[in-house]
Amino acid sequence: CLLATLAACGPSRLAVSYRIPDPLLVALPLTVGLRLPPAFTAYVQKELINDSQVEISLGATHTDALRRVAERLFVRAVIFEDAPPPDAGPLPVLEPSLLDYVYVFPAKGSDFYSVTIPYKVTLFGPDNAELGTWEYAGYGSVPSRRTGRSKGMLLASAAAIRDASANFAAHLPD
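Rules used throughout
- Residues numbered from 1 in each chain as written.
- Predicted model: local features only at pLDDT ≥ 70, side-chain atom pairs only at ≥ 80, totals over all residues.
- Heavy atoms only, no water.
- Helix = DSSP H or I, 4+ residues; strand = E, 2+ residues; numbered from the N terminus.
- Axes fitted to C-alpha atoms, helices over the stretch in contact; angles between N-to-C directions.
- Parallel < 35°, antiparallel > 145°, perpendicular 65-115°, else oblique.
- Left-handed = near helix turned anticlockwise from the far one by under 90°.
- Contact = heavy atoms within 4.5 Å.
- Phe/Tyr/Trp six-rings, centres within 6.5 Å; stacked < 30°, edge-to-face > 60°.
- Buried < 20%, exposed > 50% of the residue type's maximum accessible area, 1.4 Å probe, protein only.
- Lys NZ or Arg CZ within 6 Å of the ring centre and 35° of its normal.
- Salt bridge = Lys/Arg side-chain N within 4 Å of Asp/Glu carboxyl O.
- Polar contact = N/O pair within 3.5 Å; in protein donor to acceptor, adjacent residues only side chain to side chain.
- Expected span 1.5 Å × (residues − 1).

## Some remarks on unusual backbone geometry
A positive phi angle, close to 70°, is found at Asn128, a residue other than glycine. Here Asn128 lies in the loop between strand E8 (112-124) and strand E9 (130-143).

This is the structure:
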């Protein structure tokens, strides 16, 4: 397994780096805020394997993907970390969070690296009252053949982020 192999070499860090293609969307006639807190933008999955730390950095890639989708999904997306800028006026705010990061490595009977990343989005009103939540997920899988262990993990993670981005846009609640 990738983590056991990486852990054998001491603390290991993997950074998922991928830019989703430009989304082809017709913008909804809405102005929304997109709150991207540090827990989302700097997300790192940490695993302890054989007494060694393995870190998989997802924050920059899924932040860029969601930002790019939001900027095309809505007429205007006001993106911020904590509170909307004063000149934004009252607006509904979407706040994503990563719920989990599930990975499967090639094993007997499977020739794929697979990653599933479920997300939750919370919708806040202009008064910052929570109005609702919804969940969406992304799934990525790549064949293990001619793919190194680190590369297989990174490619499957990137595919999961791309899939999650498409699901965010396609399954926006009414």
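## Section: the packing of helix H3 (residues 59-73) against helix H4 (residues 149-170)
When two helices pack together, their arrangement is given by the angle between the helix axes and by the axis-to-axis distance. Packing of H3 against H4 brings their axes to within 10 Å, and their N-to-C directions diverge by 30°. Taken together, the axes of H3 and H4 are roughly parallel relative to one another. Classified by chirality, the crossing of H4 by H3 is right-handed. Residues Thr61, His62, Ala65, Leu66, Val69 and Leu73 of H3 form the contact with H4, whose own contacting residues are Ile161, Ser165, Phe168 and Ala169.

## Section: the packing of aromatic side chains
Tallied over the entire structure, the rule returns 5 aromatic pairs. Here Tyr101 and Tyr103 contribute two aromatic rings whose centre-to-centre distance is 5.6 Å and whose plane-to-plane angle is 45°, an arrangement assigned as tilted. Tyr103 shares its class with Tyr101; the two are buried. Taken together, the ring pairs in this structure connect Phe40, Tyr119, Trp134, Tyr136 and Phe168 into an aromatic cluster. Between the NZ or CZ atom of Arg35 and the centre of the ring of Phe124, over which it lies, the distance is 5.2 Å.

## Considerations on the pattern of salt bridges
All chains considered together, the criterion is met by 5 salt bridges. Between Glu95 and Arg35 there is a salt bridge whose closest N-O contact spans 2.8 Å. Here Glu95 is found in strand E6 (residues 93-98), whereas its partner Arg35 is found in strand E2 (residues 28-35), with 60 residues between them in sequence. Residue class for Arg35 comes out buried when judged on its relative accessible area of 10%. Each of Asp22, Arg68 and Arg72 takes part in a single network of salt bridges with overlapping partners.

## A look at the side chain of Arg68
Mapped onto the fold, Arg68 is located in helix H3. In this structure Arg68 comes out as buried when scored by relative accessible area, which is 5%. Among the polar contacts listed, one links the side chain of Arg68 to the backbone oxygen of Ile20, at a separation of 2.7 Å. Every residue in contact with Arg68, bar those within four places of it in the chain, is listed here: Arg19, Ile20, Pro21, Asp22 and Pro23.

## Some remarks on the environment of Asp111
Among the structural elements, Asp111 can be located in the loop between strand E7 (102-104) and E8. Each C-alpha atom of the pair Asp111 and Arg35 lies 38 Å from the other, and the pair is 76 residues apart in sequence. Apart from residues no more than four positions distant in its own chain, Asp111 is found in contact with Pro106, Val142, Pro143 and Ser144.

## Things to note about H4
Under the 1.5 Å per step criterion, the end-to-end length of H4 is 32 Å for 22 residues, consistent within 8% with the ideal 32 Å. For H4, the set of buried residues is Gly152, Met153, Ala156, Ser157, Ala158, Ala159, Ala160, Ile161, Ala164, Ser165, Phe168 and Ala169.

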